[in-house]
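Architecture and fold: a report
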Amino acid sequence: VPNLLIEQGFPKLLYKRLRLGGRHQIKVKNIKEVELDAKLLADWKNLASTYDNVKDEVRIGLVGKYINLQDSYLSVVKALLHASLFCNKKLVIDWIDAANLELCGELESEDKLGKEAWDK
């Protein structure tokens, strides 16, 4: 997305609207020519390329009480995503409902949902 925004001239719009000066990452020669920090942009392109091209997977089981509301775990998911990219791995999350684990553990039953959760 950032590459697309740069191609469409979004940094120029930001400079105009937010009245950004030289102390920010956007360097201005004149109002029509806005340059981004080259190293920052190269780092971003490298990260985007890594994300698009990773083949090996890492599977993580994430146990939670509110797995239907995955936004509740957004910071954890983002941290796992960044760590997996650092290791050149594609993140695959297996969401495990904690209620199923508790049910299986407390009752020691062969409840299908509980057993599947524990097997993950």
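Quick summary incoming for the structure in this document. Numbers given for residues are sequential positions, taken from 1 along each chain in its written order. Totals for whole chains, interfaces and linings use every residue, but because this is a predicted model, local features are given only for residues with pLDDT of at least 70 and side-chain atom pairs only at 80 or more, for both listing and counting. In computing side-chain values, all of the structure's heavy atoms are included and hydrogens and water are not.

Focus: the overall build of the chain
Regarding its fold elements, the chain presents six helices and four strands. Only protein chains enter the accessibility calculation, which uses a 1.4 Å probe; a residue is then buried when its area is under 20% of its type maximum, exposed when over 50%, and partly exposed in between. Looking at the chain residue by residue over its 120 residues, the buried ones come to 22%. By definition, residues are in contact when any of their heavy atoms lie within 4.5 Å. Contacts spanning at least 24 positions in sequence make up 51% of the contacts within the chain whose residues lie at least 6 apart. For the chain, the computed accessible surface area is about 9,500 Å², with 54% contributed by carbon and sulfur atoms. Helix and strand assignments come from DSSP, with helices taken as H or I runs of at least 4 residues and strands as E runs of at least 2, each series counted from the N terminus. Note on areas: Shrake-Rupley with a 1.4 Å probe; residue coverage comes only from the protein chains shown.

Some points on helix H4 (residues 74-86)
Expected span of a helix, by definition, is 1.5 Å for each gap between consecutive residues, and there is one gap fewer than residues. With 13 residues, H4 should cover 18 Å at 1.5 Å per step; its first-to-last C-alpha distance of 18 Å lies within 8% of that length. Following H4 by one or two positions, Asn88 has its phi on the positive side, about 55°.

Re the pattern of salt bridges
Salt bridge, as used here, is a side-chain nitrogen of Lys or Arg placed within 4 Å of a carboxyl oxygen of Asp or Glu. If you walk through the whole model with that rule in mind, you get three salt bridges. Here Lys89 and Asp56 are joined by a salt bridge, their closest N and O atoms 3.9 Å apart. Here Lys89, found in the loop between H4 and strand E4 (90-97), pairs with Asp56, found in the loop between helix H3 (38-53) and strand E3 (57-64); they are 33 residues apart in sequence, far enough to count as distant. The class of Lys89 is partly exposed, set by a relative accessible area of 29%. Asp56 sits in the partly exposed class, given a relative accessible area of 47%. Among the ionic pairs, Arg59 bridges to Glu57, the shortest N-O distance being 4.0 Å. Residues participating in the shared-partner salt-bridge network are Glu57, Arg59 and Asp94.

So, a nonpolar patch on the surface
The patches described consist of residues with a relative accessible area above 30% and no salt bridge, like charges being joined within 9 Å and nonpolar side chains (Val, Leu, Ile, Met, Phe, Trp, Tyr) within 5 Å. On the surface, Leu5, Phe10 and Leu13 cluster together to form a nonpolar patch covering roughly 220 Å² of accessible area. You can see Leu13 is positioned in helix H2 (residues 10-18).

Purely spatial values, then, with no claim about function.
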